[in-house]
Each structure stands twice: as C-alpha cells, then as structure tokens.
2 protein chains.
Amino acid sequence: MGGDNYPDVLVAGSLEAVLTEKDIAVSLVGNSDSVTPVLNEMIAAKKAESCRERISVVHAEEVIGMHESPARAIRSRKNASIVVANKLCRTGDVDAVISAGNTGAAMASSLLYMGRLAGVQRPAILTLFPSKKNIVVIADVGANTDCKPENLYQFGVMASIFTKRLLGYENPRVALLNIGEEKGKGNDLTNETYDILEQSELDFIGNIEGRDIFEGVADVVVCDGFVGNVLLKFGESAFGFVVHNIRKKVAGNLIWKLAALMLKPALTEIKRDMTPEDYGGAPLLGVDGVSIICHGNSSALAIKNAVLVARKLVQEGMNEQIKQELAKTNSDNNE
Amino acid sequence: MGGDNYPDVLVAGSLEAVLTEKDIAVSLVGNSDSVTPVLNEMIAAKKAESCRERISVVHAEEVIGMHESPARAIRSRKNASIVVANKLCRTGDVDAVISAGNTGAAMASSLLYMGRLAGVQRPAILTLFPSKKNIVVIADVGANTDCKPENLYQFGVMASIFTKRLLGYENPRVALLNIGEEKGKGNDLTNETYDILEQSELDFIGNIEGRDIFEGVADVVVCDGFVGNVLLKFGESAFGFVVHNIRKKVAGNLIWKLAALMLKPALTEIKRDMTPEDYGGAPLLGVDGVSIICHGNSSALAIKNAVLVARKLVQEGMNEQIKQELAKTNSDNNE
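This is a predicted model, so every value here is computed, not measured.

J.: Help me understand the interface of chain B and chain A in this model?
T.: Facing 51 residues of chain B, the contacting portion of chain A comprises 51 residues. Buried surface at the junction of chain B and chain A, summed over both partners, amounts to about 5,100 Å²; 76% is from carbon and sulfur atoms. When the area that chain B buries against chain A is broken down by residue, the three leading residues are Phe 226, Phe 234 and Phe 241 of chain B, summing to 15%. Our count for the chain B to chain A interface comes out at six salt bridges. Close ionic contact of Lys 233 of chain B with Glu 209 of chain A constitutes a salt bridge, the shortest N to O distance being 2.2 Å. One can count 13 residue pairs in polar contact (both at pLDDT 80 or more) joining chain B with chain A. Within the residue set of the side of chain B that touches chain A, elements represented by two or more residues are strand 4 (124-130), helix 7 (188-199), helix 8 (225-250) and helix 9 (254-274) of chain B.

Structure below.
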C-alpha cells in the first residue's frame, strides 16, 4: 500500500503475471475496499475470469509511508500491508513477497518475519546493472552499512547463486570492488575479503575498480552496502545528467537541436535499457523466503517482471542452494 | 618523466602557462637530453625567446613507471623526476609541483618531501566534478582508504578553503556523502562525522546521496577515500557507457544514425565538459606546498591549466588559511 501507484499499477502488473504463467497465484495485500473494485474492473477489461481463482485480495488496514522510520513502523503497525504480506510468507501461505513501498520497511519486515536463512550472517540487497557486455549483479547495495570480510564473502556466494539461477550464467565471475587492481590495494575490509574470496570456490577474478563495472568484466561485484548504495544511486543519476548536458549543448545550434529531436526516441529507449524493468526490483537475499523490493514508482511491467523473477527463484530452489553452499563453508570453518 | 606524453606535452603546456602569466617560472624536471631540445624547438616555434629565463630544465636521471609500487620506488630512486621535483619544493626552490606520472608516487613523494601542513592529520586528494549547476569538489578521492571522523572534517575544511580560493565560491555548501538524507543514516563513520560537521563553522548542509552529486546541491562533498575513488572512476566511465549505448542503439536505424552523426561534435564537446581540463588535475591538499596530480595522458591544455591553478593557490595563500583554520579547531579541542 505504501507505493506511489497503489493500487492500480500493482493490480495490473500482478494480473499480467498471472495471465503469463499459469502456475502463479498472487495475493494482493491491501485495503480490500480500494483493491477489490480495481481488480474486478481489470479482470473484466482483460476478460480474465478464468484467472480469478489465482488472484485474490488479502485485507490489510494500515500503511507505512515512504518516509517513515521503518524499524518502529513495522513493530507498531502489525496490520500494515508490508507486515501482513511478510507474515503470509512466514506461515507458508506464500513463497515470495513483492513490495513497492518503503524500502527499509520491506527489508525490515522480511528480516523479521521471513527470518534469516540458515547459515546467513547478513542478508544483502542486490541490484542488476547493465554493462557493455552483460548484466552485472552488485551486492550489497544498502542492507549493511558496516561489513566484515566474511559478510562480503557470503554476499558473493548468494549473488553468484542468484546469477546462475536467474540469468543462467554458468560460472559467474565474481569481483571485489576496490580502488586498485592489484592484491593488497584498498582498505582493511577489502584486503581481508580478498584473501577469503581467493581461497573460496567462487570464480574469483580479483579486484575491479569503479570504471570496470560498465565494461562488464565481472558478473558479480561484491562490496559493502555503503559503497554499493552510493554507487547505485550515483549510477541511476548518470544518464539523466548526460541528457541534461545534451539538451543544454544543443540549445544554441539549430542542426544539433534537430538531430537531438530525431534521436529522442533512441534516447528514450536507452534510458529504459539503462534502468531495466526486466527484473522488476532489487532482491533481498539471505532471508528464508523470496523478497523483491521495487521502486515506489514502479510500472505495471516492473511489477509483473518482479513476480516472474520471484517465481523463477522459488522454482529454481535458490534458497536451498544458498543454504547448502554456506553449510559447506561453515563446516570447513568448524573443522 | 613517468607520464604518457613526456616530454612534448608537458613542455608545451608549461610554455603556454609561462606565456600566459608573466609572474610564473617553470622548472621542467626530466632528462635534459630529451627535454632541452624539445624546449628549444618550442621556444623557437613560438618566438618565445623573451620567456627563456622563466622556463628551465632541471636534470633528473630516473623515472618511476606508471605501474610500479610507489612507496618502494620513491625511496630507492632518489633521482626519479617526481622525487627531484618534490625536493625542489622542500628546499624552497619551487612553490608547487605538477606531475602526470604515477599517481601514488606523486602523492607519496609530496607527502615525504613537502611534508604535512601543520595541523593536518591526513592529506586528501580532491577532484572537481561537473554538475547541473556548479563545480562540485569531492574530498577525499583516494589518498586515505580507512578514515576517522576527524579526518573527514578536515577534508571538509581543506576542500572548502580550496573552493573559496580557486573557484571564488563565497560560502561553499559542504555535504556529507551518505546513503540516506536524514541524520542518523549511514555507517559508524558518517554518523560520527555528521555530528562534527554540524558543530563546525563550515556551511554544512547535511547528508547527500549518490544521486544528488550531479544535481549540484552541494559545493563540497566529503567522503572517505575509498568511496570517493570508486565514485570518481565510476563517474569517469559513465559518459563513455552512454555513448556506447547510443552507438549500439542507432546502428539499426538510418535516421538515428544520421542524427547521431549530426550530433557527434556536440557529444565531443560534452565529453570535454564532463572531464574538464580547466583545472588540470587533482590537487593533493594538506601538504606543505602545492601538489597537483594530473592524468598520465593529460593534454598540453590540462598541464597549462594545472600550472595556472597552482599559481592561484600559491598567490591566494591557501595553505596559510588551512593552517589557521585547523589551528582554531585544534586549540578548541585542547581547551
């Protein structure tokens, strides 16, 4: 309920997902007074009566606003839609939760009600970045601000399994985000993490720098959530800044202005490519369930794709594999 | 001597600077066998005989390569050009050192031979980023990988004075790079730094996020050198990635291809705007001298501008002001 486009876009995206894959059922968690009429209308418009039993409304009274303090809100408002949704996962009524509201509240309620997956020290938020060659998965981008080397190693394991299962990359190349390429560069955290990654079973390709991300030299980039979050937000603003500069530059020149006008549809497509909706949102990995956190202003397409991603992660048994992989390392450490 | 374009571009840029400002004298530190003929040729070509006494060659036998380990190299190779240049500053023969070689060697030799400025805990490297509104000065972008809150405060003081003196901003707005806007967001380092900045005499505007940098909401952005370096290198790659995407996108469409061709000169200008040569290089602040570290592939214009920036920082007495400002805080802390 906390998202910008509640309830229309969320209902539309969910209905699209249900229409696309016959093995999905969606529970729409929100105020039934506002959700049910929209759902009925859309089912009628889409002539989707046959899907009705796979898309239902679960009533939730309360909402957590985009700018509320998450930790307090999820504890005091047990009937907030995000809390109700995550409780449905805890009770086994659903396999995955998609949200487009307050990011912190989504994360905190998944942590609290889904709980951590066995063996996971710290869950991590992933983002998928486009690059010149591949899709780059970055972990963590904001769940953990102060990390230990072992946490970063686990981010690498989780993101690597995610990349295999979702994107089908057979042996994801895992890199450590650093400020120099050679071993020994960087801060205490990256230095210690390097050693662990080097000795792990991951396909560790070493350090990469900020400039290497868009080059696509790695499939998985590991960093602490502070650096990852700065990078994510900075990266999201980069295209807009370039477009701003193009607009300013062409203003004084008629030929350039015309060219920019001709190129506008291409730029719109590039913008879409650079902020891809194909994956719907940012998955929170390391919780005992599937939790995907979408932008507050997600489109119906983004919501639909988030549902399809969640389906794939559930069907591929991602969490089972993460548990197994971490159990191996944890038992090694206990020997 | 370690730069990519030694000696031609360095000589050309220096000569341009000397021709532009009559109160500058430049010592070209390098192998005189290779530098002197180039200098003579350029003086003749520019009919700049009258400048000859303000541009001279200081012989240096050795060179530190771009990929050598800086700390070891500057200690073992006392006749490397970067070491000789920084020694000239120590002895008072020059006021500033400009280099376009190994960044680490430039930094380490300035630290070693210029020494730290009184009151400075940790020198910092600055970078100047373009934004939608202003020039944004970011500190630190690589000199310090693990920082304390007090270090970040000093970066703010130094960068603020730099911004006033070089760019003429009267009261630079100082922001802390963080992963949320509200106080209390972020990691231990940013939380403690926030308190110090809030109580300081700086015009502290609070936290900003990665997405705010290009918006130009702050004039000075404070962060630890790890985050700053990742950001700097990532930012430098962003324009190239957008251009890569434009090229790929227009390939299949004749109209778009034509438009892109028409727009090419504008894009070239934008690229230049986004990686500005106006300031020549990245200043290392907090050393007892002026040290400007340029890209290995700097153009003559960048070298010229670095010399002009150095001149301005010397003439404006930047270091004296940094010392005074830090002395105030340091005495406050000792009361």
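J.: Would you take a moment to explain the sheet that holds strand 10 (residues 290-293) of chain B for this structure?
T.: By way of backbone hydrogen bonds, the strands of a sheet pair with one another, either parallel or antiparallel. All names here are of chain B. Here eight strands make up an open sheet; going across it, the order is 3-10-9-4-5-8-6-7 and the pairing mixed. At either end of the open sheet lies a strand with only one pairing partner, and these are strand 3 (96-99) and strand 7 (203-208). Here the strands of the sheet are splayed against their neighbours by 25° on average, with no regard to which way each runs.

J.: I would appreciate a short explanation of the pattern of salt bridges in the present structure.
T.: Pairing is possible between side chains that carry opposite charge, provided their charged atoms lie close to one another. Tallied over the entire structure, the rule returns 36 salt bridges over all chains. The shortest N-O distance in the salt bridge between Lys 323 of chain A and Glu 320 of chain A comes to 3.6 Å. You can see Lys 323 of chain A and its partner Glu 320 of chain A sitting in helix 11 (residues 318-334), three residues apart, about one turn around the helix. Note that Lys 183 of chain B and Glu 198 of chain B form a salt bridge whose closest N and O atoms lie 2.8 Å from each other. Of this pair, Lys 183 of chain B sits in the loop between strand 6 (173-177) and helix 7 while Glu 198 of chain B sits in helix 7, placing them 15 residues apart in sequence. We classify Lys 183 of chain B as partly exposed; its relative accessible area is 49%. For Glu 198 of chain B, a relative accessible area of 41% translates into the label partly exposed. One connected set of salt bridges, linked through shared partners, spans Glu 21, Asp 23 and Arg 311 of chain A.

J.: How do you make sense of unusual backbone geometry when you look at a structure like this?
T.: Across residues other than glycine, the phi torsion is negative in most instances, and most of the peptide bonds are trans. All names here are of chain A. The amide bond that connects Tyr 6 to the next residue, Pro 7, takes the cis arrangement and shows omega of -5°. Along the chain, Pro 7 falls in the segment before helix 1 (8-20). Here Ala 139 and Asp 140 are connected by a cis peptide whose omega angle stands at 5°. One non-glycine residue, Lys 47, adopts positive backbone phi at about 50°. Looking at the element boundaries, Lys 47 is found in the loop between helix 2 (32-45) and strand 2 (55-59). Residue classification places Lys 47 among the exposed positions, given a relative accessible area of 74%.

J.: Looking at this structure, I do not really get the side chain of Ser 237 of chain A. What am I missing?
T.: Position of Ser 237 of chain A among the secondary structure elements: in helix 8 (residues 225-250). Once residues within four sequence positions are removed from consideration, Ser 237 of chain A is found in contact with Gly 210, Arg 211 and Phe 214 of chain B.

J.: How do you make sense of the pairing of strand 5 (residues 135-139) of chain B when you look at a structure like this?
T.: On any regular strand, side chains alternate: one points to one face of the sheet, the next to the other face. Residue and element names in this part refer to chain B. Taken across its five residues, strand 5 has five buried, putting it largely inside the fold. Because side chains alternate across strand 5, one face comprises the buried residues Ile 135, Val 137 and Ala 139, and the other comprises Val 136 and Ile 138, equally buried. Two strands pair when backbone bridges link them, and strand 4 and strand 5 are joined in this way by five bridges, in the antiparallel orientation. Residue Phe 129 lies in a different strand from strand 5, and its bridge partner there is Val 136. Pairing between strand 5 and strand 8 (residues 220-222): three bridges, direction parallel. Pairing of Ile 138 across the sheet is with Val 221, part of strand 8.

J.: In this structure, what is going on with the nonpolar core? I would like to understand it.
T.: One recurring pattern in soluble globular proteins: nonpolar side chains tend to sit buried together. Core analysis: the largest hydrophobic core is formed by 118 residues, its most contacted members being Ile 138, Leu 177 and Leu 263 of chain A together with Ile 138, Leu 177 and Leu 263 of chain B. Look past the residues within four positions of Leu 263 of chain B in its chain and what remains in contact with it is Ile 246, Val 250, Trp 256, Ala 259, Ala 260 and Leu 263 of chain A.

J.: For this particular structure, what's the right way to read the packing of helix 1 of chain A against helix 2 of chain A?
T.: For any two helices packed against each other, the geometry comes down to the angle between their axes and how far apart the axes lie. Residues and elements named next belong to chain A. Direction vectors running N to C along helix 1 and helix 2 enclose 45°, while the axes themselves pass 10 Å from each other. As far as their axial angle goes, helix 2 and helix 1 are oblique. Where helix 1 crosses over helix 2, the two elements pack in a sense that is right-handed. For the pair formed by helix 1 and helix 2, the contact residues are Asp 8, Val 11, Ala 12 and Leu 15 on the first element and Val 35, Val 38, Leu 39, Met 42 and Ile 43 on the second. For the contact of helix 1 with helix 2, the residue count by class is eight nonpolar, no polar and one charged.

J.: Explain the sheet that holds strand 4 (residues 124-130) of chain A here, please?
T.: Residue and element names in this part refer to chain A. Within the open sheet, the eight strands sit side by side as 3-10-9-4-5-8-6-7. Their pairing is mixed. Looking at the sheet topology across the chains shown, the edges are occupied by strand 3 (96-99) and strand 7 (203-208). The average undirected angle you get between the axes of adjacent strands in this sheet is 25°.

Criteria and thresholds
- Residues take numbers from 1 onward in each chain, read along the sequence in its written order.
- Starting at A for chains and at 1 for ligands, labels are handed out in the order in which the entities are written.
- Per-residue local features of the predicted model are confined to residues with pLDDT of at least 70, and side-chain atom pairs are confined, for both listing and counting, to 80 or more; whole-chain, interface and lining totals are unaffected and use all residues.
- Each side-chain value is worked out from all heavy atoms of the structure, with water and hydrogens disregarded.
- The contact rule is simple, with two residues in contact once any of their heavy atoms fall within 4.5 Å.
- Put simply, buried area is how much 1.4 Å-probe accessible surface two parts lose in total, over both of them, once they are put together.
- When a carboxyl oxygen of Asp or Glu lies within 4 Å of a side-chain nitrogen of Lys or Arg, that pair is called a salt bridge.
- Identification of polar contacts relies on pairs of N or O atoms within 3.5 Å, with a donor-acceptor requirement for protein atoms, meaning one able to donate a hydrogen and the other able to accept it, and with residues adjacent in sequence counted only if both atoms are side-chain atoms.
- Secondary structure elements follow DSSP: runs of H or I of four or more residues count as helices, runs of E of two or more count as strands, with numbering from the N terminus.
- By definition, two strands form a pair when at least two bridges between them are found by DSSP.
- To get an axis, fit a line to the C-alpha atoms, keeping to the stretch in contact for a helix; angles then go from 0 to 180 degrees between the N-to-C directions.
- Accessible area is worked out with a 1.4 Å probe on protein chains only. A residue is then buried under 20% of its type maximum, exposed over 50%, and partly exposed in between.
- Here the nonpolar core consists of buried residues drawn from Ala, Val, Leu, Ile, Met, Phe, Trp, Tyr and Cys, with membership extended through side-chain atoms lying within 4.5 Å.
- Working rule for angles: under 35 degrees goes down as roughly parallel, over 145 as roughly antiparallel, 65 to 115 as roughly perpendicular, anything else as oblique.
- In a left-handed crossing the near helix is turned counterclockwise from the far helix by less than a right angle, and in a right-handed crossing that turn is clockwise.
- Polarity classes work like this: nonpolar for Ala, Val, Leu, Ile, Met, Phe, Trp, Tyr, Cys and Pro, charged for Asp, Glu, Lys and Arg, and polar for all others, with Gly in that last group.

Note that every value here comes from positions in space, so none of it alone points to a role or purpose.
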